[in-house]
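Structural overview
One letter stands for each residue in the lines below.
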Amino acid sequence: MSDRTVLHVKGRVLVGPRDEDVRDELWVIDGRISYDRPAGAADVRTVEGWALPGLVDAHCHVGLDQHGAVPEDVAEKQALTDREAGTLLIRDAGSPSDTRWIDDREDLPKIIRAGRHIARTRRYIRNYAWEVEPDDLVAYVAQEARRGDGWVKLVGDWIDRDLGDLSACWPRGAVEAAIAEAHRLGARVTAHCFAEDSLRDLVEAGIDCVEHATGLTDDTIPLFAERGVAIVPTLVNIATFPALADGGESRFPRWSAHMRRLHERRYDTVRSAHDAGIPVFVGTDAGGSLAHGLAAAEVAELVTAGIPPVEALAATTWAARSWLGRPGLDEGAPADLVVFDEDPRADVRVLAAPRRVVLNGRVVG
């Protein structure tokens, strides 16, 4: 498909979740969406089906594996795997890898970066994070706020080997000052949190989002809802908790039991959060030990947890893009869209088999 080719997408264009949001066709001209038929277009390629905005993975790590930063060719393969699965917008929730070169590639997904993770000393995965003490937290948050794309990522809790269980990483005053500094610099803050005990301090300190959020309880769910704090549950990652617990049983039995409890109640936790009005978005946590290209599987997990299918679909399309400040299928927007053979609102499993992937107006898959 040349740059002069006009792409005609016809069938059902899902501009939003409601029936009144559905259009019969759109046109892609010079890489951008138009709902007006172009005059005199000589070279037109037609794609038929059910069109959605490019999927969003709001917790993904391009350029990272279980050992740390990866070479550019490996990062490219990760990004291409996401693209082939229809994920065209990624919030990279922490990475030591410099992936700015991806911004110059029109054939790779767009990335919103949160800079590098910021963790407490010896309280996170080796080679991933800046590991600092509370007195340095504000300075490192300011540094990553300037390096990122409007987000900063904290590690809110991790195993404390002396305690033998998960515990909060930061004192309340440190996170209050750090989040205030990020907001002063125009960045939002998110945090990795598995357990219960870090959540209240983070939310009352003004955090914008929590990753995983398996430790939500009846006490903290109303607080999240009241403050409008979003969660990205990463259920495809939480599915690994039993194996992790088995691996740590001999050294940290208390931690292992805790991880199993968090896993057992994961669906109830997500459903209760949704029912309380907490914004829930799709994220896979790909790029550590998890494969890329799992956004469709995460949407299916949200449905299994009890979120209505259309709302689970919105969590990776219309709602997710609005939350991240990026356009959907709007007039004049970059043509980043995915076409399916069937209506994904009726069955979200359709997302696992894109018919066509269109990025920056070009058919790439």
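So, here's what we can say about the structure. None of these values were measured; they are calculated from a predicted model.

Section: the environment of Val9
Inspection of the secondary structure puts Val9 in strand 1 (residues 6-14). Residue Val9 is classed as buried on the basis of its relative accessible area of 1%. Between the C-alpha atom of Val9 and that of Ala168, which follows or precedes it by 159 residues, the distance is 49 Å. Aside from chain neighbours lying at most four places away, what touches Val9 is Asp24, Glu25, Leu26, Val47, Ala51, Leu337 and Val339.

A look at empty space enclosed by the protein
Taken as a whole and judged by the stated rule, the model has 1 cavity of 30 Å³ or more. By volume, the largest cavity is sized at about 30 Å³. The element contributing the most residues to the lining of the largest cavity is helix 9 (residues 266-275), with 3 residues.

A short note on the sheet that holds strand 1
On the basis of which strands lie adjacent, the open sheet formed by 7 strands has the order 3-2-1-4-18-19-20 and mixed pairing. Both outer strands of the open sheet, strand 3 (32-34) and strand 20 (362-363), are each paired with one neighbouring strand and no more. One ladder, built from 6 bridges, connects strand 1 with strand 2 (residues 22-29); its direction is antiparallel. Residue pairing for strand 2: Val9 is matched across the bridge by Leu26.

Looking at the packing of helix 7 (residues 241-248) against helix 8 (residues 253-264)
For the pair helix 7 and helix 8, the least separation of the axes is 8 Å and the interaxial angle reads 170°. In this view, helix 7 runs roughly antiparallel relative to helix 8, as classed from their interaxial angle. The residues of helix 8 that touch helix 7, namely those facing Phe241, Pro242, Leu244, Ala245, Asp246 and Gly248, are Pro253, Trp255, Ser256, Met259, Arg260, Leu262 and His263. Each residue belonging to the contact of helix 7 with helix 8 can be placed in one class, and the counts come to 8 nonpolar, 3 polar and 2 charged.

Concerning the sheet that holds strand 8 (residues 87-92)
An order of 5-8-9 is seen for the 3 strands of this open sheet, with the pairing classed as parallel. The two strands at the open ends of the sheet, each matched to only one other strand, are strand 5 (55-60) and strand 9 (110-113). Strand-to-strand, the axes of this sheet are offset by a mean angle of 20°, without reference to chain direction. Note that strand 8 and strand 9 share 4 bridges and pair parallel. Looking across to strand 9, one finds that Arg91 is bridged to Ile112.

The rules behind each value
Residues numbered from 1 in each chain as written. Predicted model: local features only at pLDDT ≥ 70, side-chain atom pairs only at ≥ 80, totals over all residues. Heavy atoms only, no water. Helix = DSSP H or I, 4+ residues; strand = E, 2+ residues; numbered from the N terminus. Buried < 20%, exposed > 50% of the residue type's maximum accessible area, 1.4 Å probe, protein only. Contact = heavy atoms within 4.5 Å. 1 Å grid on protein atoms, 1.4 Å probe; cavity = no way out; pocket = protein on both sides within 12 Å on 5 of 7 lines; lining within 4 Å. Points joined across faces, edges and corners; volume = space filled by probe spheres on them. Pairing = 2+ DSSP bridges. Axes fitted to C-alpha atoms, helices over the stretch in contact; angles between N-to-C directions. Parallel < 35°, antiparallel > 145°, perpendicular 65-115°, else oblique. Nonpolar A, V, L, I, M, F, W, Y, C, P; charged D, E, K, R; others polar.

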